[in-house]
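Secondary and tertiary structure notes
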Amino acid sequence: MSAPVDAHLDQPPAVTSLRSKDLLGIAELTPDEILLILDTAVAMKEVGERPIKKVPALRGKTIVNLFFEPSTRTRTSFEIAEKRLSADTLNIAIASSSVVKGETLADTALNIEAMQPDMIVMRHSSSGACHLLSRICRSSIINAGDGMHEHPTQALLDAFTIRERKKHVNGLKVAIVGDLLHSRVLRSNIHLLTKMGAEVWVCGPPTLIPTDIARFGVRATSLVDEAVADADVIMMLRIQLERMEGAFFPSLREYFTVFGMTEARLRRARPDVMIMHPGPMNRGVEIASEVADGPYSVILDQVANGVAVRMAVLYLLAGGAEHEAAA
Amino acid sequence: MPVVMDADRIGRTLTRIAHEIVERNRGVEDLALVGVRTRGVHLARRLARSLREIAGHDVPTGALDITLYRDDLMRHAVGPQPLVRRTEITFSIDDKKILLVDDVLYTGRTTRAALDALIDFGRPRGIQLIVLVDRGHRELPIKADYVGKNLPTAADESVQVYLEESDGRDEVVLQQGGAA
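In what follows, the accompanying structure is described. (Residues numbered from 1 in each chain as written. Chains lettered and ligands numbered in written order. Predicted model: local features only at pLDDT ≥ 70, side-chain atom pairs only at ≥ 80, totals over all residues. Heavy atoms only, no water.)

Residue and element names in this part refer to chain A. An order of β7-β6-β5-β8-β9 is seen for the five strands of this open sheet, with the pairing classed as parallel. Bordering the open sheet on either side are β7 (219–221) and β9 (274–276), each of which pairs with just one other strand. Across the sheet, the mean angle separating the axes of adjacent strands is 20° when strand polarity is ignored. As judged from the three bridges shared by strand β8 (residues 233–236) and β9, these two strands associate in the parallel manner. (Pairing = 2+ DSSP bridges. Helix = DSSP H or I, 4+ residues; strand = E, 2+ residues; numbered from the N terminus. Axes fitted to C-alpha atoms, helices over the stretch in contact; angles between N-to-C directions.)

Next up, the structure:
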């Protein structure tokens, strides 16, 4: 598959709908579907800049946000996106649910489904949990992060942010630095960036590099300077201490010394480099404060763009899918 | 495929509408043009040029995408969604007289959606509707203030407006049995 040229915003996209009723991961999307979501998000971003930040598009739709893992940014972002589209939203958090009483995921899902929601946005600590739900539920399932597998809306908002600055993704050198092993953001971004024709480098301690990572069409290294050299975009990943069982590196201080993004390291990148981080940030571990708050940082743009991208996904999935219409 | 308006006719019609706008509003003060995407935007920009020639002032011009306000969204549980394009209204519409521009007035549903969308941007002093072609068959109580051409049509006919900016030529065509 050849990399598509990024569409110009004035041209109609090559496809006008998504094939699936669900958004489970970037792996399942075609480059044209990704462009459709990103182009739609451009229009959605404008809605958020109006005095009245609300449109009636999803009036009467019910969306359940089912979060089995703590999340502030993603859950808030989805909820704002849903409200801006006039959907009715319902938040279910693990601490207050029946799961603590022993209910299985499938039973929880079927009980929610019995109340006729139109869409379920789910975050779960198990990889593949959304795929299970998509098989047993009629509602559209949107993956808001499943274990160490995928976090598709994060990769989409990252691509949107890159496109906003650089106009295209094709041909850019993107260095992704940090905890590669535990990161669903990494997996979604690798799928997306390679599909859009970027040159992707991944970098981290050897103990945190998945053994078969080259299979995904990326270059792996443990030398930050090599990854960052002439990079157009640097994405920092959080060290996920909560997912680490065992010692992957000697200490956080040593990690920062070897892999932390500092202004000195940044000088090897292109002068117009963008610094990204999916959050939450560990200042002084993977990223120095002067970089996180510096002129190259687009970290808060990413958060703002997350709402627009999620609005686009919700809107495109709400109408259902073409293959079902034909059935 | 009868051509009901050619390039000259479209040009003269827009000039005439521009003069009507100036006459009715006694100038162009407090006026703003908002075109409905896609072809209404091209027409709004042309009217802005005419108004500048006639009155010597620039009239702010914006583009409105009404997709998210359509009344037929989500009517079917499944099916592709219509494409959403960016709305660009960079000026405040508060207390302005808004000239809403569309290419064809038919059922009136697009205009209804456009009115709802506009009101979300503020409280204009008034809204006037400009259309290049009024083909009848209204389903809502909506009437244009400025009409380029009244074109009686049958329900199974369709009116296609082609404009230089998007289609490479200026032409209004009446088609038999087409969907539009």
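Let's shift gears to the sheet that holds strand β2 (residues 31–36) of chain B. Within a sheet, adjacent strands bond to each other through the backbone by hydrogen bonds, running parallel or antiparallel. Residue and element names in this part refer to chain B. Strand order across the open sheet formed by five strands is β3-β2-β4-β5-β6, with parallel pairing between neighbours. Looking along the sheet, the strands with just one partner apiece sit at the ends: β3 (61–64) and β6 (146–150). Neighbour-to-neighbour, the strand axes of this sheet turn through a mean angle of 25°, independent of strand direction. Docked against the sheet, helix α1 (residues 7–25) engages β2, β4 (97–105), β5 (126–134) and β6, running at close to 150° with respect to β6. Sheet contacts for helix α3 (residues 109–119): β2, β3, β4 and β5; angle to β4, the most-contacted strand, approximately 155°. (Contact = heavy atoms within 4.5 Å.)

To continue, consider the layout of surface pockets. Over the atoms rolls a probe the size of a water molecule, and in doing so it shows where empty space is left. Residue and element names in this part refer to chain A. Approximately 660 Å³ is the volume attributed to the second largest pocket. Every residue lining the second largest pocket is counted, 35 residues in all, and those nearest its centre are Arg73, Arg238, Pro278, Gly279 and Pro280. Of all the secondary structure elements, the ones that give two or more residues to the lining of the second largest pocket are α2 (73–84), α5 (152–166), α6 (184–195) and α11 (299–318). No other element matches α11, which puts seven residues into the lining of the second largest pocket. Here the residues of the lining of the second largest pocket sort into 12 nonpolar, 13 polar and 10 charged. (1 Å grid on protein atoms, 1.4 Å probe; cavity = no way out; pocket = protein on both sides within 12 Å on 5 of 7 lines; lining within 4 Å. Points joined across faces, edges and corners; volume = space filled by probe spheres on them. Nonpolar A, V, L, I, M, F, W, Y, C, P; charged D, E, K, R; others polar.)

One pass over the full model with this rule turns up two aromatic pairs over all chains. With a centroid separation of 5.1 Å and an interplanar angle of 40°, the aromatic rings of A:Phe249 and A:Tyr255 are classed as tilted. The class of A:Phe249 is buried, set by a relative accessible area of 15%. Given a relative accessible area of 2%, A:Tyr255 falls into the buried group. Taken together, A:Phe249, A:Tyr255 and A:Phe259 form an aromatic cluster joined through their ring pairs. Seen from the ring of A:Phe78, A:Arg310 lies directly overhead, with NZ or CZ sitting 5.0 Å from the centre. Its end group placed over the ring of B:Tyr162, B:Arg169 keeps NZ or CZ at 4.0 Å from the ring centre. (Phe/Tyr/Trp six-rings, centres within 6.5 Å; stacked < 30°, edge-to-face > 60°. Buried < 20%, exposed > 50% of the residue type's maximum accessible area, 1.4 Å probe, protein only. Lys NZ or Arg CZ within 6 Å of the ring centre and 35° of its normal.)

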